[in-house]
Amino acid sequence: MAPVVVLWLAMCLGGTWAVDKGNFKTCDQSAFCKRQRALKPGESPYRALLETMELTNTRLTLQLINDNNKVRLLLELYRLQGNITRVKINELKPLKPRYEVPDVLIREPPTEPLSLLSQDENGVVLSLGAESQRVIVSARPFRLDIMEGREVLMSLNSRGLLAFEHLRMRKDTFSYKVTSTVASVWDYIKRVFTSQADPEAEKKEEADPANQAEAENVDEEKVEDGMWEETFKSHTDSKPNGPSAVSLDFSLPGVEHVYGIPEHADTLRLKTTDNGDPYRLYNLDVFQYELYNPMALYGAVPVMLAHNTQRTTGIFWLNAAETWVDISSNTAGKTVFGKMLDYVQGSSETPQTDVRWISESGIIDVFIMLGPKPKDVFSQYASLTGTQSFPPLTSLGYHQCRWNYNDQEDVKSVDAGFDEHDIPYDFIWLDIEHTDGKRYFTWDTHKFATPKEMLQGLMDKKRKMVAIVDPHIKVDSNYKIHNEIRSRGFYIKNKDGGDYEGWCWPGSAGYPDFTRIDMRDWWASMFAYDQYEGSMENLYTWNDMNEPSVFNGPEVTMHKDAMHGAWEHRDLHNTYGFYVQMATAEGLIKRSGGVERPFVLTRAFFAGSQRYGAVWTGDNAAEWDHLKISIPMCLSLGLVGISFCGADVGGFFKSPSTELLVRWYQTGAYQPFFRAHAHLDTPRREPWLFGPENTALIREAVRQRYTLLPYWYQQFYQAHRTGQPVMRPLWVEYPQDPATFTLDDEFLIGKDLLVHPVTEEGARGVTAYLPGKDEVWFDVHTFQRHNGAQNLYIPVTMSSIPVFQRGGSIIPRKLRVRRSSTCMEHDPYTLFVALNSQRKAEGELYIDDGHTFNYEKEEFIHRRLSFANNILSSLNLAPDAKFTTQSWIERIVILGASKPSKITLKAADGQESQVEFEFDASMSVLTLRKPGMNSGADWTVTLQ
Amino acid sequence: MSCQYHQHLLLPLLLSLLTAGVSSVEVQRPRDRQFYEEGKPFTCLDNSATIPFDRVNDDYCDCKDGSDEPGTAACPNGSFYCTNAGFRSSFIPSSRINDGICDCCDTTDEYNSGAACQNTCRELGRKEMESLEKMAEIAKEGYRLKQLLIQEAKRGLEEKKKKLQDIQVTKKDLEDKVEALRTVKETAEQPEKEAKERHLKAWEDQKALIRMEKDMARMAEVFLELDDDGDGFVSVAELLSHSELNPDSDDSFTEAEAQVLLGGVDKVDTVTFEAVWNNIKEKYISEATADTTAPAETPQEEPFSDNDSEQYPEDDIPEEEDDDDEEDDDDEHDDGDYKTPPTPTQEKKDDDDEGTMPPYDQETQDLIDAAQKARDEFDKSERALREVDDQIRNLEKEISFDFGPNSEFAYLYSQCYELTTSEYIYRLCPFNRVSQKPKYGGSETNLGTWGKWAGPEDNIYSVMKYEHGTGCWQGPNRSTTVKLTCGKETVVTSTSEPSRCEYLMEFISPAICQEPSSLESYFHEHQEL
């Protein structure tokens, strides 16, 4: 190991194992959070000026005034298609424009008509379409209530926590004094001219936002520390725009369960934050993160879901600045005494969750998604920010990564190791050491002297590679990428106008301004085969460190006063990683002339990142708790649109015990993104290094993944089409069963597979909750049938991965597991038909070429498989689509069947033939031998 | 259409098999052919089922052991036999049949995938033959060299054993000599000790005399200093001006206390003063020195004043950076402690006043010289004995060292072999240590010291393990595994670091070469087809 590496490790990483909390701010150390959180619920100083209301067909606007400082805000209210209400609040006349997040919404959301139901001096009532939904705007104090019938679904500012720090001149500076003097003179002159007490003029004046100066005079707000400058550790944030935070509260009557706002290493169900810090959303490179706390991590999706047995709703707070979310509940932590008090006082309070969002800058732009079902919220959110990109099939296979595979020889021998041990894999990964001195888009000239040769070797085996490309660019005048970015002025600037420089892997580095479309276009062009030397079509990309990570920056990230054109980094920090992945994915698409689907993994993300590829949960550790937390972390991401999620199998830091490694493979095999990864300091851990027994266990887990690839692919196709998550919490499919609401040690893939991985050391058994009182579930390994709505104890051994198929479903598998997914392309399918108690089942089969965008041109096969009345049939769901496949149906396994006397296959042309079968009476399993029809054809199979 | 389709799919498969003249059954390993009898029901090789013959190789898995599909990919646990005429035959997992990747050099695994495979068996066979021949040649030569090494080692061992015997004889003589010289030394040291003690005693007596005279002189001086009025008496009043004489450290030095000091009288003359001198001399500060020392004492007390709080704000400024260099701060504190000057300088001065001991007289000096000579000779002989002991230990270690079954690795002992890579120079000193040194300057890193032979049980001498090298940051101590392979020379051929701080070194040596006969049988086994 080169001593240089050791040196920077020591420099960058410090010497302890747990996260160094002192490196990251608490709410108290973040001036705006402290300021805002000091504000307690009470009567809001904001009042709606109903006379300013303007209602067009699709938009209502209304001014709000803060009676304390007379600053006016503009409220905009939209009814969006698909049962979404958008509430936007900005300063009516801000001193300078405030940041509104671009590029995250896939389009300007289409609106629907709003109509005025009633109006009086206390407020207005608007109709939200047909479902007897209304918005009540109350004037004094201002609040919004969204109702359905007589039921309040959500209230805004009901606790009076709307706060909008208007932009202002700095009072202790010379320019302020000049301006305020001029303004007061002007003010005086105006007063003289309007002294005839003209009520019209009076009103006009009140409505005149130019009275900012007057407002300032009224404003008794004291200047607090941290408004104009803030220092954390040795870093000073210059804050030239002063305080600019925004905050709003949401009350959710009848709600006890809220979810989402990733990324946090915490339980699926969000906790109340009264006794600690709020959940923080601020993309940070957290070294050795700690579990079960609300600290910020690498990514941020400001979307929260609220759920009860009746309804699911969502709040999307579109703001890219540092954000904190407080959650409180009137039921959580209520003591016996408290409940007794309720009883004595006769109050039977309905449960309620109160949420409060606080952001450092920007505006309030919130989308209220009204469900009512979980799937409705998913499509509503997808209609705003888009769906999961449809990944190449191969990226759903197994990925082998390590920091680092040392050289081409190493890559070759690891590749050979998979063949030798007959373990399939699709991708081998190269971390930062593959580059020439951490100059991305280059190769180490000694260790990776002939990258194309290496890539060709992988291609010959139908395998692929991912190489890392991080957004920090080494400042080096001999480095083409750096020179181009510098000469084009594409770097982010520091507050003094020079190119921002920070310390990262290559030493001193610049950070390209990915918020610029011209920068992104240029970046994308760098992935062209003739630009990215040594790249080939089986080389894909990994964007790490894109929070962005700046080793010597405040909280290991960029200074907030760095500049992206006219905007401060403060305004858009959380979208930096989103843009990096966007530009990279665009590059991979462009290099193939728009033909091939990209695959890009990112660590940082924001709302909308689902459109560009996969994410992983960052630098976890080889500990059992980290294995456990991978489930809620990915479930939370799935709820907010990001389905392609995984955790480093084995754990990144430290070295896993063999048992932990095996269990992690077994868990990871059933999570969307399946990649093993390891830190440079850890001993090697390729799957065959732990004795033949463990190699066999790992091989079996990986093979199970590969047999299920058709189902995974289908789930991703659905996610891409509809925005439904691939990996789902149970409550999403069983929304009326409260027993599912807090489960996060098991999950569903789609709606038909339930997985309860073993995540306890030395486990002898697990207890899985099988939901649905009308459901039956089949153990996919033994085919044993279990009733729903029960806690089932399952004894386990080291080879057990408890997985159940829902009765009523049909799941296609490919049982001929080969060395990579591409090798299995033409292989036949086995259909697993699990009958429900009505002896029915349904499923789908989706087939396309697996890697191009041709599916957008209707080049795919999409069929509905259904079993009812002893007839299994395949129906074309996309009659206009055209695609042919060599694959055929080699076997049909019907679970929960009874023995037929004969089975007849009827082909599309009406020709009939007998199908041989076997029946296992002990497990009621009927196996049809080699029916043999093409997977794309129409057919029926009749059991008699 | 389904049935036809299925036949469409299979027909070309079977046709291609048939037309190519390779019946699906013929793809079998010759010795298994007996089980696949055309037209007769087939019993799975694990006896799990019996199926009609048309279900053999029909692209559907009927047997649990996969034996019904030796020519298709239908069974997950099946295997396919590559005949590979011209090269080595082999088995591949049946999942590699028709996967578009050429596995068998005779291309038989890709009969229906459209993969453009070339028959490379002849070429591979030729290459393997060449390499086997080369290996055989190396092995033969290596084995010959190994025999020489063994003989050499044997000779070396005999020599060493002989040498050991010789040295052991020498050692006995030396031991006797040491004992004799010890007696001589002790005999010479006794009179030396006595003479030295005498000399010292005389000097001590003289010193006591000098000290007493000095004390008397100081007493007289003090008396004169105290006797302010020069009346030849020191009175209580005169004493009171010397507050340092206050016996208890309360505020006032009272007359009564002064009186006690003067032996209970109001004043004393020179004679009586001599009697009370002991009460006074320890604490007394001469008026001449008191003036200069007094102001020096005041600043020492100040740190206890309440100025402390005011000093903190100043400290606060650098404190922000403290997190990063806390250790540095600690160092500074330590330095501070060391810098505080030690006080006992005054005592030293007193000693100096008394002068140095006069040199020994001639007689004593002669005795000392004689004793020293005896001591030197004794030390010299003892050193020689220790050297011999070391030699014996080293020889014994080398003789008992595990240099392989026939000591064939003995020639590596106390040798070193280097390999230069693009960045480092690696150095392997067998049975001692492995190290790495940057090519362009920098210090050497220990990659492990000799641990043990660590090959597999049947070939333990094929791997050396070096352990407990320099520690890695947050990681293990460096260690190196050295893999030995047969060669004519002794060379380090490659180094790598497969896992951080775990090095792998390839090392060739004749000492590991196997007897060619055993290799030849291996060679024949693989050429049977």
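Note that this is a predicted model, so its numbers are computed, not measured.

Peer 1: Account for the overall build of chain B, naming residues and giving values.
Peer 2: If you tally the helices and strands in chain B, you get 11 helices and 14 strands. For chain B, with 529 residues in total, the buried portion stands at 33%.

Peer 1: Mind laying out the overall build of chain A, listing which residues take part and the relevant values?
Peer 2: Within chain A, the secondary structure is distributed over 18 helices and 53 strands. For chain A, the spread of C-alpha atoms along the principal axes amounts to about 100 × 70 × 55 Å. Expressed as a percentage of the 944 residues in chain A, the buried residues total 63%. In chain A, the share of contacts with a sequence separation of at least 24, taken over all contacts with a separation of at least 6, comes to 72%. For chain A, the centre of its 100 positive side-chain charges and the centre of its 124 negative side-chain charges are spaced 3 Å apart.

Peer 1: Kindly report on the side chain of Thr852 of chain A, identifying the contributing residues and their values.
Peer 2: Residue and element names in this part refer to chain A. Here Thr852 shows up in the loop between strand S45 (841-847) and strand S46 (861-868). Residue Thr852 is classed as buried on the basis of its relative accessible area, which comes to 4%. Within the local environment of Thr852, its side chain forms a polar contact with the backbone nitrogen of Asn854, the two atoms lying 3.0 Å apart. Once residues within four sequence positions are removed from consideration, Thr852 is found in contact with Val595, Glu596 and Arg597.

Peer 1: Got a sec to walk through the packing of helix H11 (residues 517-525) of chain A against helix H13 (residues 576-591) of chain A? Specific residues and values, please.
Peer 2: Residues and elements named next belong to chain A. Where H11 contacts H13, the two axes come as close as 7 Å, and the packing angle between them is 45°. If you check the angle between H11 and H13, you find them oblique. Remark: the crossing between H11 and H13 carries right-handed chirality. Each of Arg520, Asp521, Trp523 and Ala524 in H11 lies in contact with H13, whose residues at this interface are Tyr579, Val580, Met582, Ala583, Thr584, Glu586, Gly587 and Lys590. Of the residues contributing to the contact of H11 with H13, the split by class is 6 nonpolar, 2 polar and 4 charged.

Peer 1: Which residues make up the sheet that holds strand S40 (residues 785-787) of chain A, and what are the values?
Peer 2: Residue and element names in this part refer to chain A. The strand order across the open sheet built from 6 strands is S35-S36-S37-S42-S39-S40, with neighbouring strands paired in antiparallel fashion. Two strands close off the open sheet at either side, each with one partner strand: strand S35 (727-728) and S40. Alignment of strand S39 (residues 776-779) against strand S42 (residues 803-806), held across 3 bridges, turns out to be antiparallel. Bridging across to S42, Trp777 finds its partner in Arg806.

Peer 1: Residue-level account of a positive patch on the surface, with values.
Peer 2: Residue and element names in this part refer to chain B. On the surface, a cluster of positive charge is contributed by Lys177, Lys380, Arg383 and Arg386. By residue number, the principal contributor to the positive patch is helix H10 (residues 362-400), which donates 3 residues. Looking at the secondary structure, you find Lys177 in helix H2 (residues 121-226).

Peer 1: Which residues make up the domain arrangement of chain A, and what are the values?
Peer 2: Per the domain assignment, the segments making up chain A are domain 1 (27-165 + 241-385) and domain 2 (828-943). Each of domain 1 of chain A and domain 2 of chain A was reduced to a C-alpha centroid, and the two centroids are 47 Å apart.

Peer 1: So what's going on with the packing of helix H16 (residues 691-707) of chain A against helix H17 (residues 709-722) of chain A? Which residues, and what values?
Peer 2: Residues and elements named next belong to chain A. Close contact between H16 and H17 brings their axes to 5 Å; oriented N to C, the two are set at 55°. When the interaxial angle is binned, H16 and H17 end up oblique. Facing H16, whose interface residues are Arg705, Tyr706 and Thr707, H17 presents Leu709, Pro710 and Trp712. Grouping the amino acids of the contact of H16 with H17 by side-chain chemistry returns 4 nonpolar, 1 polar and 1 charged.

Peer 1: Which residues make up a negative patch on the surface, and what values go with them?
Peer 2: Residues and elements named next belong to chain B. A surface patch of negative charge is lined by Asp228, Asp229, Asp231 and Glu287. Inspection of the secondary structure assignment puts Asp231 in the loop between H2 and strand S5 (234-235). Classification of Asp231 by relative accessible area gives partly exposed; the value is 36%.

Peer 1: Pulling in residues and values, what's your account of the state of the cysteines?
Peer 2: Residues and elements named next belong to chain B. Tallying each qualifying case throughout the model produces 10 disulfides over all chains. There is a disulfide in this structure between Cys102 and Cys117, and the S-S distance comes to 2.0 Å. What sets the handedness of the Cys102 and Cys117 disulfide is the S-S torsion sign, and at about -90° it is left-handed. One end of the pair, Cys102, is in the loop between strand S4 (90-93) and H2; the other, Cys117, is in the loop between S4 and H2, with 15 residues separating them in the sequence.

Peer 1: I'd like a description of the sheet that holds strand S25 (residues 473-474) of chain A, backed by residues and values.
Peer 2: Residues and elements named next belong to chain A. Strand order in the open sheet made by the 3 strands is S25-S27-S26, with antiparallel pairing throughout. A single partner strand is all that each edge strand has here, and the edge strands are S25 and strand S26 (501-504). Bridge count between S25 and strand S27 (residues 507-510): 2 bridges; the pairing is antiparallel. Each bridged residue has a counterpart across the sheet, and for Ile473 the counterpart in S27 is Gly510.

Peer 1: Outline the pattern of salt bridges, supporting the account with residue identities and numerical values.
Peer 2: For the coordinates displayed, the defined rule picks out 92 salt bridges over all chains. For Lys560 of chain A, the salt bridge is made with Glu360 of chain A, and the minimal N-O distance between the two is 2.9 Å. With Lys560 of chain A in the loop between strand S28 (539-543) and strand S29 (563-564) and Glu360 of chain A in the loop between strand S20 (352-359) and strand S21 (364-369), this residue pair connects regions lying 200 residues apart in the sequence. On the basis of relative accessibility, which here comes to 7%, the residue Lys560 of chain A falls in the buried class. Between Arg929 of chain A and Asp62 of chain B there is a salt bridge, with its nearest N and O atoms 2.5 Å apart. In this pair, Arg929 of chain A sits in strand S52 (residues 925-929) while Asp62 of chain B sits in the loop between strand S2 (50-51) and strand S3 (79-82), so the two residues belong to two different chains.

Peer 1: Outline the packing of aromatic side chains, supporting the account with residue identities and numerical values.
Peer 2: All names here are of chain A. As enumerated under the stated definition, the model contains 70 aromatic pairs over all chains in all. Their ring planes at 70° and their centres at 4.9 Å tell us that Tyr99 and Trp567 sit as a pair that is edge-to-face. One end of the pair, Tyr99, is in the loop between strand S4 (84-91) and strand S5 (111-112); the other, Trp567, is in strand S30 (residues 567-568), and 468 residues separate them in sequence. Judged by relative accessible area, Tyr99 falls into the buried class, the value being 6%. Measuring from ring centre to ring centre gives 5.2 Å for Phe441 and Tyr532, while their planes differ by 75°; the resulting arrangement is edge-to-face. In this pair, Phe441 sits in the loop between strand S23 (427-430) and helix H9 (451-460) while Tyr532 sits in the loop between H11 and S28, placing the two residues 91 residues apart along the sequence. Like Tyr532, Phe441 is buried.

Peer 1: So what's going on with the nonpolar core? Residues and values would help.
Peer 2: One broad rule of soluble globular proteins: the nonpolar side chains tend to lie buried together. Residues and elements named next belong to chain A. Among the nonpolar cores identified, the biggest contains 175 residues, and Phe316, Phe441, Trp523 and Tyr665 are the most heavily contacted of them. A domain split of this core shows at least three residues from each of domain 1 (27-165 + 241-385) and domain 2 (828-943). Counting residues in each nonpolar core, the second largest holds 50 residues, with Leu144, Ile146, Leu156 and Ile315 among its members.

Peer 1: Got a sec to walk through the environment of Gln119 of chain A? Specific residues and values, please.
Peer 2: All names here are of chain A. With respect to the secondary-structure elements, Gln119 resides in strand S6 (residues 115-120). For Gln119 and Pro392, which are 273 residues apart along the polypeptide, the C-alpha to C-alpha distance reads 54 Å. In contact with Gln119, not counting residues within four places along its chain, are Leu50, Met53 and Val124.

Peer 1: Give a detailed account of unusual backbone geometry, specifying residues and quantitative values.
Peer 2: Arg140 of chain A connects to Pro141 of chain A through a cis peptide bond whose omega is -5°. Looking at where Pro141 of chain A falls in the secondary structure, it is placed in the loop between strand S8 (133-138) and strand S9 (143-148). A cis amide bond links Pro262 of chain A with the next residue in sequence, Glu263 of chain A, at an omega value of 20°. Along the chain, Glu263 of chain A turns up in the loop between strand S15 (257-260) and strand S16 (279-281). Look at Thr107 of chain B: it is not a glycine, yet its phi comes out positive at around 70°. Overall, the relative accessible area of 21% leaves Thr107 of chain B in the partly exposed class. Even without being a glycine, Phe431 of chain B presents a positive backbone phi close to 65°. By the secondary structure assignment, Phe431 of chain B is in the loop between strand S8 (424-429) and strand S9 (433-438). Taking relative accessible area as the criterion, Phe431 of chain B reaches 7% and is therefore assigned buried.

About the thresholds
- Residues numbered from 1 in each chain as written.
- Chains lettered and ligands numbered in written order.
- Predicted model: local features only at pLDDT ≥ 70, side-chain atom pairs only at ≥ 80, totals over all residues.
- Heavy atoms only, no water.
- Helix = DSSP H or I, 4+ residues; strand = E, 2+ residues; numbered from the N terminus.
- Buried < 20%, exposed > 50% of the residue type's maximum accessible area, 1.4 Å probe, protein only.
- Contact = heavy atoms within 4.5 Å.
- Lys, Arg positive; Asp, Glu negative; His and termini not counted.
- Charge placed at Lys NZ, Arg CZ, Asp CG, Glu CD.
- Polar contact = N/O pair within 3.5 Å; in protein donor to acceptor, adjacent residues only side chain to side chain.
- Axes fitted to C-alpha atoms, helices over the stretch in contact; angles between N-to-C directions.
- Parallel < 35°, antiparallel > 145°, perpendicular 65-115°, else oblique.
- Left-handed = near helix turned anticlockwise from the far one by under 90°.
- Nonpolar A, V, L, I, M, F, W, Y, C, P; charged D, E, K, R; others polar.
- Pairing = 2+ DSSP bridges.
- Patch = residues over 30% accessible without salt bridge, like charges linked within 9 Å, V, L, I, M, F, W, Y side chains within 5 Å.
- Areas by Shrake-Rupley, 256 points an atom, 1.4 Å probe, with all protein chains shown as cover.
- Salt bridge = Lys/Arg side-chain N within 4 Å of Asp/Glu carboxyl O.
- Domains from an automatic or database assignment.
- Disulfide = S-S within 2.5 Å.
- Phe/Tyr/Trp six-rings, centres within 6.5 Å; stacked < 30°, edge-to-face > 60°.
- Core = buried A, V, L, I, M, F, W, Y, C linked by side-chain atoms within 4.5 Å.

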